[in-house]
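A look at the structure
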Amino acid sequence: MNVESKQHTNENSAAWTGAPWKDPSQSPFIEIQSLHKRFGDFTAVDNISLDIYRGELFAILGGSGCGKSTLLRMLAGLEAPSAGRILIDGVDVTELPPYDRPVNMMFQSYAVFPHMTVEKNIAYGLRKSRVAPAEIESRVREMLELVQLTNLEQRKPNQLSGGQLQRVALARALIKRPKVLLLDEPLAALDKKLREQTQFELMNLQDQLGTTFVVVTHDQEEAMTLATRIAVMDEGRFIQIGTPSEVYEYPRNFFVADFFGNINIFDATVISSEPGFIAVELGASGTRIRIQHGGVIDAGAAVMIGVRPEKLLISKDKPTDDRYTVTRGVVEDLAYYGNRSIYRVRSQEGRIIQVSAQNSQRSVELAMEWDDEVYLSWDSSSSVVLQK
Ligand SMILES: Nc1ncnc2c1ncn2[C@@H]1O[C@H](COP(=O)(O)OP(=O)(O)OP(=O)(O)O)[C@@H](O)[C@H]1O
Ligand SMILES: [Mg+2]
């Protein structure tokens, strides 16, 4: 690592204090205010507001066509909003052209020039801005080192692997030292293994530079691995914004819960709401439990109780610990994966419930078999209320 990136690291660590979005004394770096984008009758981005803090690696996650690229293009200045404002570092950039914004974008397709060498591709932005040749040379060298492409600088894009190509695109986007780098599906073209490796490289790079990254992806694992916070987007709107663990552990609704892996659903009816909690009755078993919940839901409303497969316990005997919520079911299917087993259990309500159990003891026989009647239990703090 060179000296300059070390300095960036220090600057970054000093600025980065845990969760700036929870600290009212911190001011946001990017402010998106009531942003709309309409194409004719169609609304691609529908009233989005968001604050992003300096040095964040913010991920925008959502299915195809939900408006992710459109939102990013408005941040870059490549698309004009139909309404709303964008501020970066306190400056209203809504009307500014792309080249006057402290922003660079790495596109969904890398858009490297096929006829240029790695070196020329990386230098392109600085050449266009007529930076002095000596300075260009030293900055290209710095970038080559940063993305670990030294010695490959004379190759053409078709002589590189997908991961190397991706790093050329990244170097090209970073060489002008933007304050904000927008990345549209940066790793989509890579195969799974390379993608995982590159995720860590991207995180390290971002940490070294202290640049604020806004990454668009439709891969929830990638967002979970990379991001300081995630916005889950659907049909032009943000459904939920939170840290990876917040959106995983406390999804607001079924859409978000389902987006981040498996979640089991138990039907329930609301009995009462009190500040911070909701009391519900589980449909089939009639068990009553209290669950942490921010909002108020009317008594009598039908809700879903979500529990992740790894939070469920499965047993033949009824659990005696009364902190646990208990319901019953029948094992329909099971799979042994060495370190863990997956059980598919038909609940009393007739839903299929998936249980992921760690096989902590070495045993030849499975604890549960097909058609066994079992008890499913969980700590009520592990469940979430999902509104229908
Ligand atoms: N110039 C345009 N004219 C009309 N409709 C457009 C235009 N650009 C985008 N759209 C529409 O807006 C919606 C959002 O597009 P966008 O490219 O932002 O999706 P996305 O979330 O990036 O999807 P993907 O994951 O497939 O890249 C889509 O329905 C798309 O067809
Ligand atoms: Mg897109």
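Residues numbered from 1 in each chain as written. Chains lettered and ligands numbered in written order. Predicted model: local features only at pLDDT ≥ 70, side-chain atom pairs only at ≥ 80, totals over all residues.

1. Thoughts on the overall build of the protein
Within the protein one finds 9 helices and 20 strands. Seen along its three principal axes, the alpha-carbon backbone of the protein occupies a region of about 75 × 50 × 40 Å. For the protein, the proportion of its 388 residues judged to be buried stands at 36%. In the protein, once contacts between residues fewer than 6 apart in sequence are set aside, the share between residues at least 24 apart is 65%. (Helix = DSSP H or I, 4+ residues; strand = E, 2+ residues; numbered from the N terminus. Buried ≥ 20, exposed ≤ 12 C-beta atoms within 10 Å, placed from the backbone. Contact = placed C-beta atoms within 7 Å.)

2. Some details on the domain arrangement of the protein
We note that the domain assignment places domain 1 (3–102 + 178–249) and domain 2 (262–387) within the protein. Relative to domain 2, the C-alpha centre of domain 1 lies at a distance of 35 Å. (Domains from an automatic or database assignment.)

3. Points about the nonpolar core
In terms of nonpolar packing, the biggest core is built from 93 residues, with A171, L182 and V214 touching the most fellow members. A per-element tally of this core places helix α5 (residues 162–174) first, with 6 residues. Looking at which domains feed residues into this core, each of domain 1 (3–102 + 178–249) and domain 2 (262–387) gives three or more. If we ignore the near neighbours within four places in the chain, the residues touching L182 are L72, L75, A76, V103, M105, M106 and V214. (Core = buried A, V, L, I, M, F, W, Y, C linked by C-beta atoms within 7 Å.)

4. So, the pairing of strand β10 (residues 237–242)
Summarising the sheet, strand β9 (residues 229–234) and β10 pair through 5 bridges and their orientation is antiparallel. Its bridge partner being in β10, M233 is matched across the sheet by F238. Connecting β9 to the antiparallel partner β10 that follows it, the hairpin turn spans 2 residues, and E235 within it adopts a positive phi of roughly 45°. (Pairing = 2+ DSSP bridges.)

5. Remarks on the confidence of the model for the protein
This prediction gives the protein a mean pLDDT of 88; 93% of its residues lie at or above 70. Within the model, the stretch residues 1–16 combines pLDDT values under 50 with 20 contacts to residues more than four positions away or in other chains. (pLDDT = per-residue confidence, 0-100.)

6. Side note on helix α2 (residues 68–76)
In terms of burial, α2 is a largely internal element, 8 of the 9 residues being buried. If you check which residues of α2 are buried, you get K68, S69, L71, L72, R73, M74, L75 and A76. Residue G77 follows α2 closely and has a positive phi angle near 90°.

7. Things to note about the environment of Q159
Examined against the element boundaries, Q159 turns out to sit in the loop between α4 (133–146) and α5. Along the sequence, Q159 and T117 sit 42 residues apart, while their C-alpha atoms lie 9.7 Å from each other.

8. Observations concerning the packing of helix α3 (residues 118–128) against α5
Pairs of packed helices are described in terms of their axes, by the angle between the two and the distance that separates them. Interhelical geometry of α3 versus α5 gives an angle of 25° and a closest axis separation of 7 Å. Taken as axis vectors, α3 and α5 run roughly parallel relative to one another. Pair α3 / α5 crosses with right-handed handedness. The residues of α5 that touch α3, namely those facing V118, N121, I122, Y124 and G125, are V168, A171 and R172. Its residues assigned to classes, the contact of α3 with α5 comprises 5 nonpolar, 2 polar and 1 charged. (Axes fitted to C-alpha atoms, helices over the stretch in contact; angles between N-to-C directions. Parallel < 35°, antiparallel > 145°, perpendicular 65-115°, else oblique. Left-handed = near helix turned anticlockwise from the far one by under 90°. Nonpolar A, V, L, I, M, F, W, Y, C, P; charged D, E, K, R; others polar.)

9. A look at the packing of α3 against α4
The N-to-C vectors of α3 and α4 enclose an angle of 130°; their axes lie 10 Å apart at closest approach. Here α3 lies oblique to α4, going by the angle between them. Pair α3 / α4 crosses with right-handed handedness. On the side of α3, the interface is formed by E119, I122, A123, L126 and R127, while α4 contributes I136, R139, V140, M143 and L144.

10. Quick look at the pairing of strand β4 (residues 83–88)
Each regular strand carries side chains that alternate between the two faces of the sheet. Both strand β1 (residues 30–39) and β4 contribute to a ladder of 5 bridges, which runs antiparallel. Paired with I30 across the bridge in β4 is I88. If you look at the hairpin formed by β4 and strand β5 (residues 91–92), you'll find 2 residues sitting between the two strands, and D89 has a positive phi there, around 55°.

11. Focus: the site of ligand 1
Near ligand 1 the following residues occur: F39, F42, A44, G62, S64, G65, C66, G67, K68, S69, T70 and H218. Going through the elements one at a time, β2 (42–52) and α2 are the ones with two or more residues in the shell around ligand 1. With 3 residues, α2 is the largest single contributor of residues to the shell around ligand 1. Within the shell around ligand 1, the residues separate by chemical class into 4 nonpolar, 7 polar and 1 charged. (Near = placed C-beta within 6 Å.)

12. Remarks on the sheet that holds strand β14 (residues 302–307)
Here we have 5 strands laid out as an open sheet, ordered β13-β12-β11-β14-β20, and antiparallel in their pairing. Of all the strands in the sheet, the pair left with one neighbour each is β13 (288–292) and β20 (384–387). Between one strand axis and the next, the sheet turns by 45° as a mean value, whatever way the strands run. Bridge count for strand β11 (residues 264–274) against β14 is 6 bridges, and the pairing is antiparallel. In the strand pairing of β14, F266 is matched with I305.

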